[in-house]
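An overview of the molecular structure
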Amino acid sequence: MRLIQNMSTIAEYPTSECRSSRVIKIAVIGGSGVGKTALVVRFLTRRFIGDYERNAGNLYSREVQIDNEQVAIQVQDTPGVNVSGNAPGCFDHMTCSIQWADAIVLVYSVTDQCSFDLIGQLHQLVVRTHSDRSSMPPVILLANKADLLHVRRVDAQQGPLLAAALGCCFYEVSASEDYSQVHGAFHRLCRDLAKQQPPSLPSSGSGAATSTTTTSTTTTSEKRRSPLIPRPKSPNMQDLKRRFKQALSAKVRTVTSV
């Protein structure tokens, strides 16, 4: 996994250069402290780390296999929304992330009723941001921290009812306790997006390079096929010796006659 926006990394995984024909971009948005970063890192690395820098707004990237195809996934972990008092810049950043993304993951914590109440407002932001487009990006609703039953504040039935009202899929997960739940939610979203997106076509620069290479190869082949200029034959050594003896005999005869 690569952390693109910041140079510091969390659970760094070794990666090679991107070889994927598809790139899937996901924005994760929700209230502050609901566990967005924990969910992203859990999905991309299988690991859970309980302590993160809050509201860092990092962009993570990793290549994964989806239906036997290499896919590059970029996940934008947006700064958390503080219900008690938000700066306008937070919503501006979130709007940019929504415009950039192919899909949206809305997150609330079952231990925080305010984070649940915020979901409707965030969904309206997604709708307004994409009002000039023909279709909405896929949206899923995640209820995190399902393992904290003793401090639960959001009833288990509220999440599915809200998801039905918003027209999106719902998953109740625990980033700290169950990787399979988190992976299942993100993986289904990525599979649906991969089926919708056609493979990327080679860039024009690449095409130009290919054309140049083809031309060069053709020219080289033509040169190889062109008739060779006949090389002059090497002189016959026996003939040279014979001529040398004749010249030497002539000189000897001339000296003798004198």
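Rules of the game
Residues numbered from 1 in each chain as written. Predicted model: local features only at pLDDT ≥ 70, side-chain atom pairs only at ≥ 80, totals over all residues. Heavy atoms only, no water. Helix = DSSP H or I, 4+ residues; strand = E, 2+ residues; numbered from the N terminus. Buried < 20%, exposed > 50% of the residue type's maximum accessible area, 1.4 Å probe, protein only. Areas by Shrake-Rupley, 256 points an atom, 1.4 Å probe, with all protein chains shown as cover. Phe/Tyr/Trp six-rings, centres within 6.5 Å; stacked < 30°, edge-to-face > 60°. Polar contact = N/O pair within 3.5 Å; in protein donor to acceptor, adjacent residues only side chain to side chain. pLDDT = per-residue confidence, 0-100. Contact = heavy atoms within 4.5 Å. Expected span 1.5 Å × (residues − 1). Pairing = 2+ DSSP bridges. Arc of directions from axis to C-beta. Axes fitted to C-alpha atoms, helices over the stretch in contact; angles between N-to-C directions. Parallel < 35°, antiparallel > 145°, perpendicular 65-115°, else oblique. Nonpolar A, V, L, I, M, F, W, Y, C, P; charged D, E, K, R; others polar. Salt bridge = Lys/Arg side-chain N within 4 Å of Asp/Glu carboxyl O.

**Some details on the overall build of the protein**
When helices and strands are counted, the protein shows 8 helices and 7 strands. Burial statistics for the protein: of 258 residues in total, 36% are counted as buried. Carbon and sulfur atoms make up 53% of the accessible area of the protein, which amounts to about 15500 Å² in all.

**Remarks on the packing of aromatic side chains**
Inspection of every chain in the model, using the stated rule, returns 2 aromatic pairs. Between F43 and F186, the ring centres sit 4.7 Å apart and the planes meet at 15 degrees, which makes this aromatic pair stacked. Taken together, the residues F43 in helix α1 (residues 36–45) and F186 in helix α6 (residues 179–196) connect sequence positions 143 residues apart. Ring plane angle 75 degrees and centroid distance 4.9 Å describe the contact between Y108 and F116, whose orientation is recorded as edge-to-face.

**Side note on the side chain of R22**
Tracing the sequence through the fold places R22 in strand β2 (residues 22–30). Given the relative accessible area of 10%, R22 is considered buried. Within polar-contact distance, the side chain of R22 engages the side chain of E69 at 2.7 Å.

**What to know about the confidence of the model for the protein**
Looking at the protein, the pLDDT average stands at 77 and 64% of residues meet or exceed 70. Ignoring residues within four places in sequence, the model shows residues 6–16, a span with pLDDT below 50, making 23 contacts including any to other chains. When the criterion is pLDDT under 50, residues 202–219 qualifies, and its contacts beyond four places in sequence or with other chains add up to 0 contacts.

**Focus: unusual backbone geometry**
We note that R46 has phi near 70 degrees; this positive angle belongs to a residue other than glycine. The residue R46 is located in the loop between α1 and β3 (59–66) in this model. The backbone of K145 sits at a positive phi, close to 70 degrees, despite the residue not being glycine. Considering the arrangement of structural elements, one finds K145 in the loop between β6 (139–144) and α5 (158–166). Given the relative accessible area of 23%, K145 is considered partly exposed.

**A word on the environment of G120**
When you line up the elements, G120 lands in helix α4 (residues 119–129). Spatially, the C-alpha atom of G120 lies 9.7 Å from that of L106, the residues being 14 residues apart in sequence.

**Here's the deal with α6**
In a regular helix each residue adds 1.5 Å, so 18 residues correspond to 26 Å; α6 covers 26 Å between its end C-alpha atoms and thus fits that length. All of the buried residues in α6 are Y179, V182, G184, A185, F186, L189, C190, L193 and A194.

**As for the pairing of strand β4 (residues 69–77)**
Put simply, side chains in a regular strand alternate between the two faces of the sheet. Note: β2 against β4, 7 bridges, orientation parallel. Paired with V23 across the bridge in β4 is A72. As judged from the 8 bridges shared by β3 and β4, these two strands associate in the antiparallel manner. Of the residues in β4, the one forming a bridge with S61 is Q74.

**Some remarks on α4**
Residues I119, L122, H123, L125, V126 and T129 constitute the buried set of α4. Buried residues of α4, seen end-on, are gathered within an arc of 150 degrees and therefore sit on one face of the element.

**Structural notes on the packing of α1 against α6**
One can describe the packing of α1 onto α6 by two numbers: an axis separation of 9 Å at closest approach and a directional angle of 80 degrees. One finds that α1 runs roughly perpendicular with respect to α6. Judged by residue contacts, L39, R42 and F43 of α1 engage Y179, V182, H183, F186, H187 and C190 from α6. Taken together, the residues that form the contact of α1 with α6 break down as 6 nonpolar, 2 polar and 1 charged.

**What about the pattern of salt bridges?**
Across all of its chains, the model carries 3 salt bridges by this definition. For D67, the salt bridge goes to R191, with nearest N and O atoms at 3.3 Å. Here the residue D67 occupies a position in the loop between β3 and β4, and R191 occupies one in helix α6, the gap between them amounting to 124 residues. Residue R191 is classed as partly exposed on the basis of its relative accessible area of 32%.

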